[in-house]
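Chain residues, written in single-letter form:
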Amino acid sequence: MTTFKTIGKSEPRRDLPEKLTGEAKYTADVQLPGMLFGKILRSPHPHARILSINVDAAGSLPGVRAVVTPFDAPKGQVAPDMPILDTEARYVGDEVAAVAADDEDLAEAALSLIEVKYEQLPFVTDAVEAIKPDAPQTRPGGNLVGGKPLTLIRGSVEEGFAQADRIFEETYSTPAQAGAALEPRAAVASWDGDNLTVWKSTRGVHADQLALSLALDVPRGNIRVMGQNMGAGYGTKDETRLGAITAVLAQRAGRPVKIELTRQEEFVAGRHRHGTTTTVRMGVKNDGTVTAVHATTIMDTGAYLSSGPGVIRRAGQGALYLYRCANVQYDGYLTYTNTPSGGSYRALGAPQGHFALESLADTISEALGIDPLEFRLKNHVGLEGQPGERVTPANEVLDTQPVEGGVPFSSNGLRECLQRGSEAIDWGQPSERPESGNLRRGKGMGMFIYRGGAGGRSIARMRLESDGSLRLLTGLMDVGEGSLTVMPQIAAEELGVGYGQVLVTFGDSETTPEAPLTAGSTATFSTGTATKEAARQLKARIIEVVAPLLDTEPSNLQITDDGVEHIQYPERSVSFAQIAESAGEIEVEAAISPGSRDHVINSFGAHFAEVEVDTDTGQVRVLRYIAAHDSGRILNPKLAINQVEGGVSQMLGFTLSEQMLTDPRNGVTLNASFLEHKSPTLQDFPKMQVLFADVVDPVGPFGAKALGEPPSIGVAPAVANAIYNAIGVRIRDLPLTPDRVLNEIEAQRGDSQ
Amino acid sequence: MKPFKFEQATTAVQASQTHVDAAPNARFIAGGTDILGEIKEGILEVNILVSLAGLSGASEIISSDVGLEIGALVTLARIASDQSIVETYPALAQAAESVATPQIRNVGTLGGNLCQRPRCWYYRSPLFDCLKKGGVTCFASDEGNKYHAILGAENCHIVHPSDVAVALLALDATVVVSNASSDRQMPIGDFFVSPNVNMLAENVLEPGEFVSKVKIPKPSSGTRSVYLKAKERQAYDFALSSVAVSLEMRDETITQAHVALGGVAPVPYSVPQVDSELTGQKIREVDVQAIGQLAVKDAQPLSDNSYKVRLTASMVARAVSRLISE
Amino acid sequence: MAQLPISYSASITLNVNGTDHQIEVDHRWTLLRVLRDVLGLTGAKRGCDRGECGACTVLVDGDPVCSCSMLALQVGGRQVRTVEGLGDANSLNVLQEAFLAEDGGQCGFCTPGFIMSATALLESNTDPTEDEIKAALVGNICRCNAYGRIIESVKAAAKSEAS
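Residues numbered from 1 in each chain as written. Chains lettered and ligands numbered in written order. Predicted model: local features only at pLDDT ≥ 70, side-chain atom pairs only at ≥ 80, totals over all residues. Heavy atoms only, no water.

## Topic: the overall build of chain B
So, point 1. Helix and strand counts for chain B come out as 13 helices and twelve strands.
So, point 2. A compact globule built from 326 residues should have a C-alpha radius of gyration of about 20 Å, and chain B, at 19 Å, falls within 12% of that.
So, point 3. Once the C-alpha set of chain B is aligned to its principal axes, its extents read approximately 60 × 50 × 35 Å.
So, point 4. When the 326 residues of chain B are sorted by exposure, 62% land in the buried category.
So, point 5. Across chain B, the 28 positively charged side chains and the 35 negatively charged ones have centroids separated by 4 Å. (Helix = DSSP H or I, 4+ residues; strand = E, 2+ residues; numbered from the N terminus. Rg over C-alpha atoms; globule rule 2.2 N^0.38 Å. Buried < 20%, exposed > 50% of the residue type's maximum accessible area, 1.4 Å probe, protein only. Lys, Arg positive; Asp, Glu negative; His and termini not counted. Charge placed at Lys NZ, Arg CZ, Asp CG, Glu CD.)

## Looking at helix H13 (residues 414–424) of chain A
All names here are of chain A.
So, point 1. If you check which residues of H13 are buried, you get Leu-414, Cys-417, Leu-418, Gly-421 and Ser-422. Axial view of H13: buried residues confined to an arc of 110 degrees, hence all on one face.
So, point 2. Looking at the buried residues of H13, the elements they touch are helix H12 (372–379), strand S20 (439–451), strand S28 (602–614), strand S29 (620–630) and strand S30 (687–692).
So, point 3. Where H13 ends, the next residue or the one after it, Asp-426, has phi of about 55 degrees, a positive value. (Arc of directions from axis to C-beta. Contact = heavy atoms within 4.5 Å.)

## Structural notes on the interface of chain C and chain A
So, point 1. Tallying the contact residues gives 54 residues for chain C and 60 residues for chain A.
So, point 2. Taken over both partners, the interface formed by chain C and chain A buries close to 4,800 Å², and the fraction arising from carbon and sulfur atoms is 56%.
So, point 3. When residues of chain C are sorted by the area they lose upon contact with chain A, Arg46(C), Gln106(C) and Arg143(C) head the list and together hold 17% of the total.
So, point 4. Taking the shortest distance from any N to any O, the salt bridge between Asp105(A) and Arg33(C) comes out at 2.9 Å.
So, point 5. Linking chain C with chain A are 31 residue pairs in polar contact (both at pLDDT 80 or more), by the criterion used here.
So, point 6. Elements supplying a minimum of two residues to the side of chain C that touches chain A: helix H1 (31–38), helix H2 (94–102), helix H3 (111–124), helix H4 (130–137) and helix H5 (147–162) of chain C. (Buried area = accessible area lost by both parts, 1.4 Å probe. Salt bridge = Lys/Arg side-chain N within 4 Å of Asp/Glu carboxyl O. Polar contact = N/O pair within 3.5 Å; in protein donor to acceptor, adjacent residues only side chain to side chain.)

## Re the pairing of strand S6 (residues 174–178) of chain B
All names here are of chain B.
So, point 1. Along S6, five of the five residues are buried, which leaves the element largely enclosed by surrounding structure.
So, point 2. Sheet topology places S6 next to strand S7 (residues 183–187); five bridges connect them, and they run antiparallel. Opposite Thr-174, over in S7, you have Pro-187 as the bridge partner.
So, point 3. Between the antiparallel neighbours S6 and S7 lie four residues.
So, point 4. Inspection of the sheet shows S6 paired to strand S8 (residues 210–217) by five bridges, in the antiparallel sense. (Pairing = 2+ DSSP bridges.)

## Things to note about the sheet that holds strand S8 (residues 115–120) of chain A
Hydrogen bonding along the main chain pairs the strands of a sheet, whether they run parallel or antiparallel.
All names here are of chain A.
So, point 1. The three strands lie next to each other as S6-S2-S8, forming an open sheet whose pairing is antiparallel. Looking at the sheet topology across the chains shown, the edges are occupied by strand S6 (88–89) and S8.
So, point 2. Strand direction decides the pairing type here: strand S2 (residues 48–54) and S8, joined by six bridges, are antiparallel. Within S8, the position partnered with Ile-53 by the bridge is Val-116.

## Concerning the domain arrangement of chain C
Residue and element names in this part refer to chain C.
So, point 1. By domain assignment, chain C separates into domain 1 (11–85) and domain 2 (94–162).
So, point 2. Each of domain 1 and domain 2 has a C-alpha centre, and these two points are 21 Å apart.
So, point 3. Opposite the 16 residues of domain 1 that make contact, domain 2 presents 13 residues.
So, point 4. Between domain 1 and domain 2 lies a buried interface of about 1,100 Å² when both sides are counted; carbon and sulfur atoms form 65% of it.
So, point 5. Per-residue buried area on domain 1 facing domain 2 is highest for Lys-45, Thr-57 and Val-83; these three make up 37% of the total on that side.
So, point 6. Between domain 1 and domain 2 we count one salt bridge in total.
So, point 7. For the pair domain 1 and domain 2, the number of links is three residue pairs in polar contact (both at pLDDT 80 or more).
So, point 8. The greatest single-element share of the side of domain 1 that touches domain 2, amounting to three residues, is contributed by strand S3 (residues 57–60). (Domains from an automatic or database assignment.)

## Describing the interface of chain A and chain B
So, point 1. On the chain B side, the residues contacting the 39 residues of chain A number 29 residues.
So, point 2. Note on chain A versus chain B: buried area summed over both sides is about 3,000 Å², and carbon and sulfur give 51% of it.
So, point 3. It is Arg665(A), Leu675(A) and Lys678(A) in chain A that bury the most area against chain B; as a group they hold 22% of the surface buried on that side.
So, point 4. Counting the contacts that link chain A with chain B gives seven salt bridges.
So, point 5. Here Asp237(B) makes a salt bridge to Lys678(A), at a shortest N to O gap of 2.8 Å.
So, point 6. There are 15 residue pairs in polar contact (both at pLDDT 80 or more) connecting chain A and chain B.
So, point 7. Of the residues that constitute the side of chain A that touches chain B, the class distribution is twelve nonpolar, 14 polar and 13 charged. (Nonpolar A, V, L, I, M, F, W, Y, C, P; charged D, E, K, R; others polar.)

## Some words on the packing of aromatic side chains
Pairs of aromatic rings are described using the distance from one ring centre to the other and the angle between the two planes.
All names here are of chain B.
So, point 1. In the structure shown here, the tally under the stated rule is 18 aromatic pairs over all chains.
So, point 2. With a centroid separation of 5.0 Å and an interplanar angle of 70 degrees, the aromatic rings of Phe-128 and Phe-139 are classed as edge-to-face. A residue pair is termed long-range when its members are at least 10 positions apart, and Phe-128 in the loop between helix H8 (121–124) and helix H9 (163–170) and Phe-139 in the loop between H8 and H9 qualify at eleven residues.
So, point 3. Members of the aromatic cluster, each reached through a chain of ring pairs, are Trp-121, Tyr-122, Phe-128, Phe-139 and Tyr-147. (Phe/Tyr/Trp six-rings, centres within 6.5 Å; stacked < 30°, edge-to-face > 60°.)

## Describing the sheet that holds strand S12 (residues 269–270) of chain B
Residue and element names in this part refer to chain B.
So, point 1. In space, the four strands of this open sheet follow the order S9-S10-S11-S12, with antiparallel pairing throughout. Every other strand in the sheet has two partners, leaving strand S9 (223–230) and S12 as the edge strands with one partner each.
So, point 2. Sitting on the sheet, H9 is in contact with S9, strand S10 (241–250), strand S11 (253–262) and S12, with an inclination near 155 degrees to S11.
So, point 3. Of the strands in this sheet, S9, S10 and S11 are in contact with helix H13 (residues 307–324), which crosses S10 at around 30 degrees. (Axes fitted to C-alpha atoms, helices over the stretch in contact; angles between N-to-C directions.)

## As for the pattern of salt bridges
Residues and elements named next belong to chain A.
So, point 1. Counted by the stated rule, this structure contains 74 salt bridges over all chains.
So, point 2. Residue Glu-612 pairs with Arg-441 through a salt bridge whose shortest N-O separation is 2.8 Å. Placement of the pair is Glu-612 in strand S28 and Arg-441 in strand S20, with a sequence separation of 171 residues.
So, point 3. For the salt bridge of Glu-465 with Arg-463, the shortest nitrogen-to-oxygen distance reads 3.1 Å. Each member of the pair, Glu-465 together with Arg-463, is buried.

## Here we look at the environment of Arg78(C)
Residue and element names in this part refer to chain C.
So, point 1. Assignment of secondary structure puts Arg-78 in the loop between strand S4 (63–66) and strand S5 (79–81).
So, point 2. Setting aside chain neighbours within four positions, we find Arg-78 in contact with Asn-15, Val-60, Asp-61 and Met-70.
So, point 3. Here Asp-61 takes part through its side chain, which lies 3.2 Å from a polar atom of the side chain of Arg-78.

## Comments concerning the side chain of Ser125(B)
So, point 1. Position of Ser125(B) among the secondary structure elements: in the loop between H8 and H9.
So, point 2. In contact with Ser125(B), other than residues within four places in its own chain, are Val668(A), Ile43(B) and Lys133(B).

Dropping the structure here:
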């Protein structure tokens, strides 16, 4: 059994002290001399051409220093389908113009003086309607992105269904769910000649730097993006127009400009989890063996594409890969509508897809008379992967989100999750009968698979500094999930020093090396692997440099907390400071393109919920929740537990109370507030137990695999299945709000009369 | 926010006169938790906010053998925790405790809570020109109405948002309204008005008038009361439906009953048919389910809120049941 | 040239963390705005500006309030306490140490607000039950949903204070 110095220890979160005292700076806390405040004018119409904008009055208001409209904005693109500003508004809330003024109230007053002439256009707010041929067109070329669905096939579902004894099909829906990060996004921009500095909430300083460079037509080297502490994002703080607009205003005003979105703007003009309608069709033998899976998802990307293609892909992975099956198909329809845009909210489309898949699995189990746990134990994909032939050439890195069969996983602890999780919730035993006649209890489960591993190319730099400090530099942004703490754990462990000795600089496009987005649960794998490699290289270099100083071979030396010492004669030693003094600063850089040629690196899990339903009020209480995860070796247990608990609690909102509601008559988002978009509070937090499978992945750094997003995936099916177990009512539309529960109970009572 | 003047009044006369002089663009402010939100939302333009916080006696709770007098500036937190209220008027304490969050309750006042404007999302959004704002349409009539009224609504379908008002209705409270020269008082049921009577306001206050205190008669020794609130999440939510019940019970018999409903009508809603049905019944013989059904017999649900009918019936049954079994 | 609407200002004395500050404020300015933009105390955060999230929670005369929902002019003559008055990164107080040990935060945006609500709780109740902790802190939203760790942190702080 390996003993580690710091891996596996709950080292305190490195950035927590300054967050506890209020000293941690977020973008809205940035103050610069002469700074102005910007505000954005937004469309009141779901779809309209902007015929003209008169900013004379607004621009002449004392204290207004800059104005930008689509008629005078630079012609660059923030995204392929999104210019910096456009003469067409595509949803209620779409950016139309912006001003910068001496203070916020002035900027607001200026906005109210801007006169816009709109020509309203036909609009569509519902995704299922939008893909019909006669739907109002949101874009030339039609609403369906790419003109056709994303279709992925392994084997042949026709054959698979032909082999089935029984075929089941159901349709499920999930709402748009706001990420609603507590910090509304903000940006500060300041020019110094041709050089632009931007402070912003971001999960990728280099990605933002590139995006701004393209949008503003400014060389990348002239742009510096300084990532600030981020009041979270859960993926939803993907780039929007905000950074570019702020930069343009600052350039025109000749002074720094800050824009802070209001909470309402963050809801409407931020990004959210895509709403979906999914039909799953599964063929099974009478003994429960799965012979075919065919899932079709219609997903609403809203007015702009953002990360839609990634999300629609992710929504199919459960159907394609969770159940061992030779014959599977996924068709994903991604459609534009005139509503706010979806983005990369934690686990992307996987929760939506798994809700449908895992709900149907329970329906099938019941119909066949098989325990839902047994059904999954019988059919879940194993270490050897899916049946079929490998398609990716042998010398190429494997996609961590494959369709092909014939490729094994690097590790797969799903079975252990199913077994230990079910034991922890006493799966075999029915729930205790509650005292009140109107209360019903039940248990339910859901299992899941999630890609992790390969993110983008990642670079980590490590340095022995002139004063003897050891520093890790990474472009990675800690988005609150703890990579700022875990990366130095990896570095320290590899180097052989104490955790506290590794200092970290992160998230500055000028001083830190290229890093991918903190996204797709890839941070641990990509930057972690790069970090481990950089630490290994630094260790080797240091020892190499010290060997002649101590007049011995490198193989006789080891690194300690204080420096380097001779293994047999520890009194022959030298401190890090002394090394730096004599050899100068030592810096190494490790660049990796992560991935494996031989294995698919995925995380797995199984969630179990026990709920109590009040059949008089429709309220659902989660009595206890078990989250069992295979994420390889857990590098920092307390952080990991916090991640899992947080992900589960967050998605109880998705399951029970949260939905973004758009009025179909005029495209207005009705509930763009914390009061009306009902996120879980402290009182909603259930009793939870987190279990980690005993898995050490052979590929991941120190055996770790992705953990950030998987906790989001099992919640909706576990709870929905538990509700079914409690009251015998199957609800296929999220969220499972009291009104829905009551209506379904009523409908069932009506049916049975 | 657009600019406004904030003036701290020291006397009722000053407060009232300032309000009248600046009408219709003046508003009274107590804690301010609702009114600042409306100003920020852009649905309320006001030139002057007249603060009542400095008025003498406005923050007092006076308990006597006759009953309770609560100054309009008493915070919800104080009402929720005051021993005399918790013991003798539990429905009121429970209603106050159920409001929002501790932060809001520490600042929000009795008067402000009674006078708060509706939470209807069409009302709160400047993008809907609804009846309550002087427009011609109620956007909840045909769709998008899951939170709206099932009782007592004709053209406008708001629900009154105050928890405290519902409890006070069941406790037969009296509202004292003051202006520069005098006070007038009325049963709380007469303080609130439905949209048919006044579309643009929810109560009878005239320019220059403000709620100065609320009086509650002391319940007799056999009286118990309760406030129950059904919400969509465990906390910090307005009511989907709420119920306040006060029952006087003697010799195993209900001698007086007052049931009030919240979250289901444009005003805090009395159901006299339930009160009469309960009065005189032997506790052991009360059919709480039937009582619940009776409470909603006149319900006229909209397209999305029929669940409220069943929910409200259940809540009434539950509240009555709790009191008779205590 | 467009006209600015008339606005009103006042001179007030605001007592924050024990110190009196003489400042000019626009009548519209909320306590949150004054703390952040005039006094540079950026610990209290603007999460929603509507009193719906608690990220701006400070103590006024010992009670947690949403500073975004009070006007500065309503606070004159009262004692305001913010997170900056509790400790700094080099000397965390008992509550802050407990949060650090129990990992009571993720992105940290809600953290100052929780710290202030928890400070008020522990000043009036030295041994709160889990239900009392939940009731006292329910007005603070944590979107990372670190609620489990937050509850443990407050429990640990109460225990530390006791010993």
